[in-house]
Amino acid sequence: MTRAQRIAVISTILTALYLLAFFEILQVPLVEGAVVQEILPVLPWWLLVSFGSYSLWSLGWGLLTFRDCPEAYEELLAEISQAKNELRSRGVTVD
Amino acid sequence: MNPFASSAALDMQGQFSTQDTHMYSVILPTYNERKNLPIIVWLLAKMFADNQLAWEIIVVDDASPDGTQEIARQLATTYGEDKIILKPRAGKLGLGTAYIHGLNFVRGDFVIIMDADFSHHPKFIPQFIQQQKAHNFDIVTGTRYRSSAAPSLANAKPGGVHGWDLKRKLVSRGANFLAATVLNPGVSDLTGSFRLYKRSVLQHIISVTQSKGYVFQMEMMVRAKALGYTVGEVPITFVDRLYGESKLGADEIVSYGKGVWGLFVGV
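What counts and what doesn't
- Residues numbered from 1 in each chain as written.
- Chains lettered and ligands numbered in written order.
- Predicted model: local features only at pLDDT ≥ 70, side-chain atom pairs only at ≥ 80, totals over all residues.
- Heavy atoms only, no water.
- Helix = DSSP H or I, 4+ residues; strand = E, 2+ residues; numbered from the N terminus.
- Rg over C-alpha atoms; globule rule 2.2 N^0.38 Å.
- Buried < 20%, exposed > 50% of the residue type's maximum accessible area, 1.4 Å probe, protein only.
- Contact = heavy atoms within 4.5 Å.
- Areas by Shrake-Rupley, 256 points an atom, 1.4 Å probe, with all protein chains shown as cover.
- Pairing = 2+ DSSP bridges.
- Right-handed = clockwise from strand over helix to strand, strands pointing away.
- pLDDT = per-residue confidence, 0-100.
- UniProt positions renumbered as here; feature names shortened; annotations may be inferred.
- Buried area = accessible area lost by both parts, 1.4 Å probe.
- Salt bridge = Lys/Arg side-chain N within 4 Å of Asp/Glu carboxyl O.
- Nonpolar A, V, L, I, M, F, W, Y, C, P; charged D, E, K, R; others polar.
- Axes fitted to C-alpha atoms, helices over the stretch in contact; angles between N-to-C directions.

*Asks:* Please clarify how the overall build of chain B should be interpreted in this entry.
*Replies:* Counting its secondary structure elements, chain B contains 9 helices and 9 strands. Since a compact globule built from 267 residues should have a radius of gyration of about 18 Å, the 19 Å found for chain B is in line with a globular shape. Along the three orthogonal principal directions, the C-alpha set of chain B runs to about 70 × 45 × 35 Å. Within chain B, buried positions represent 55% of all 267 residues. The contacts of chain B with a sequence gap of at least 6 include a subset with a gap of at least 24, amounting to 80%. Here chain B has roughly 11,700 Å² of accessible surface; of this, 55% comes from carbon and sulfur atoms.

*Asks:* Just to check I follow, could you spell out the pairing of strand S1 (residues 23–30) of chain B for this structure?
*Replies:* The side chains of a regular strand alternate between the sheet's two faces. Residue and element names in this part refer to chain B. Of all 8 residues in S1, 8 are buried; the element is thus mostly enclosed. On S1, burial covers both faces: Met 23, Ser 25, Ile 27 and Pro 29 on one face and Tyr 24, Val 26, Leu 28 and Thr 30 on the other are all buried. Note: S1 against strand S2 (residues 54–61), 8 bridges, orientation parallel. Across the sheet, the residue bridging to Leu 28 is Val 59, located in S2. Between the parallel pair S1 and S2, the chain is carried across by helix H2 (residues 36–50), and the sense of this crossover is right-handed. Pairing of S1 with strand S4 (residues 110–113) involves 4 bridges; the strand directions are parallel. Of the residues in S4, the one forming a bridge with Ser 25 is Val 111.

*Asks:* Just to check I follow, could you spell out the confidence of the model for chain A for this structure?
*Replies:* The predicted coordinates ought not to be read in detail in places where the model reports low pLDDT. In the predicted model, chain A carries a mean pLDDT of 88, and 100% of its residues have values of at least 70. Confidence, read as mean pLDDT per element, is least for helix H2 (residues 33–39) of chain A in chain A (82) and greatest for helix H3 (residues 43–64) of chain A (93).

*Asks:* How should I be thinking about the confidence of the model for chain B in this particular structure?
*Replies:* Residues and elements named next belong to chain B. With 93% of its residues at a pLDDT of at least 70, chain B reaches an overall mean of 86. Looking at the elements of chain B, mean pLDDT is at its lowest for helix H1 (residues 7–13), recorded as 68, and at its highest for strand S7 (residues 195–198), recorded as 95. Reported for the predicted complex are a pTM of 0.84 and an ipTM of 0.80.

*Asks:* In this structure, what is going on with the UniProt feature "transmembrane region" (unreviewed entry) in chain A? I would like to understand it.
*Replies:* Mapped onto this numbering, the UniProt entry annotates "transmembrane region" (unreviewed entry) at residues 43–64 of chain A. Secondary structure across residues 43–64 of chain A divides into 100% helix and 0% strand, with the first and last C-alpha atoms of the span separated by 31 Å.

*Asks:* Hey, could you run me through the interface of chain B and chain A in this one?
*Replies:* Every contact between the two is made by 42 residues of chain B and, on the other side, 35 residues of chain A. Summed over both partners, the interface of chain B with chain A comes to about 3,500 Å²; 67% of that surface belongs to carbon and sulfur atoms. Interface area lost by chain B to chain A is led by Trp 42, Arg 173 and Phe 177 of chain B, which between them contribute 19%. Inspection of the chain B/chain A interface yields 2 salt bridges. The partner of Glu 75 of chain A in a salt bridge is Lys 123 of chain B, with the nearest N and O atoms 3.0 Å apart. The set of elements that each furnish at least two residues to the side of chain B that touches chain A consists of H2, helix H3 (68–79), strand S6 (160–162), helix H6 (166–183), strand S9 (237–239) and helix H9 (250–266) of chain B. Residues of the side of chain B that touches chain A, tallied by class, amount to 24 nonpolar, 12 polar and 6 charged.

*Asks:* Looking at this model, I keep getting lost on the sheet that holds strand S5 (residues 139–143) of chain B. Mind explaining?
*Replies:* Strand-to-strand pairing in sheets goes through backbone hydrogen bonds, with the strands running parallel or antiparallel. Residue and element names in this part refer to chain B. Judged by pairing direction, the sheet is mixed, and its 7 strands sit side by side in the order S3-S2-S1-S4-S7-S5-S8 without closing on themselves. The outermost strands of the open sheet, each flanked by one partner alone, are strand S3 (84–86) and strand S8 (231–235). Averaged over neighbouring strand pairs, the angle between their axes works out to 20° when direction is ignored. In terms of strand pairing, S4 meets S7 through 4 bridges, oriented antiparallel. Counted as the bridge partner of Phe 110 is Lys 198 from S7. Those strands touched by H3 are S1, S2 and S3, and its axis lies near 150° from that of S3.

Laid out in structure tokens, this is it:
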């Protein structure tokens, strides 16, 4: 089963459960009827907004913590010139 | 005298000139790398010698017009025909097939794949090897996004990138976030191509991978996870485009999106 198929099956089941609860065909256990009627209609929007804010936070955090490494660049340049000298002395053509 | 040091015992135990009895093969696909090839080979040779490892480099050249193969032959004379192995191909046939071609000639039990343009530095390879040994990983991948190794490694330095402006970093983070959400690959850097594989693992994964281009690297990692192989990570520094600016066009972004979707429905 591919990942897409797995996710399609799981989301179909969850959507079906949600719709059954929304149209009051199934009762949600442990929660009062009135509370359920208030929360269920906004649940999808809540999920969407939560996912959006999580994504924004993740991107922002990722950008903030993205390290630059100038020391790696300098070290590499030094090594390149060292390599060129050594290789030329050993007879390899280095441009 | 010490019986284990007698010549008979040494003959039976075998004498190894390296403290690590594995052999490490590096597959370097090249196209017009005349300037970079000698230096990357020098860096690799120095690193392997400093760490007393048995090594070889397989240069898979796609008929470069700039004389890369001639440089490779000079390097083979300098370092040894058994160390630098040139396996040319008739034309520009792509990265995936370059690895498959190189794998035919690999004599080591571990294979390292990396770019030949200095974006990947050989100094991280000993850390890859250390990480692999510590947990017997099938694959160890370098990651630009982490500051510590996963699982942790004592002497790992934080990863990073040089040469990217804010926009490029945003695109990179966005792309990684997309891939992580859609594919949940279990690694922090999905498009990275600096990896150490066990040879059998690489052979297996390559035989089932179908994409071309850099989506190929992503697919290999996703397939590895789907097949149940263990993956460790080591932070690396990535010096992009040593000469010149790093550009990323809109087509590449679109093809990346298509690649991620293709993997989502395909694996």
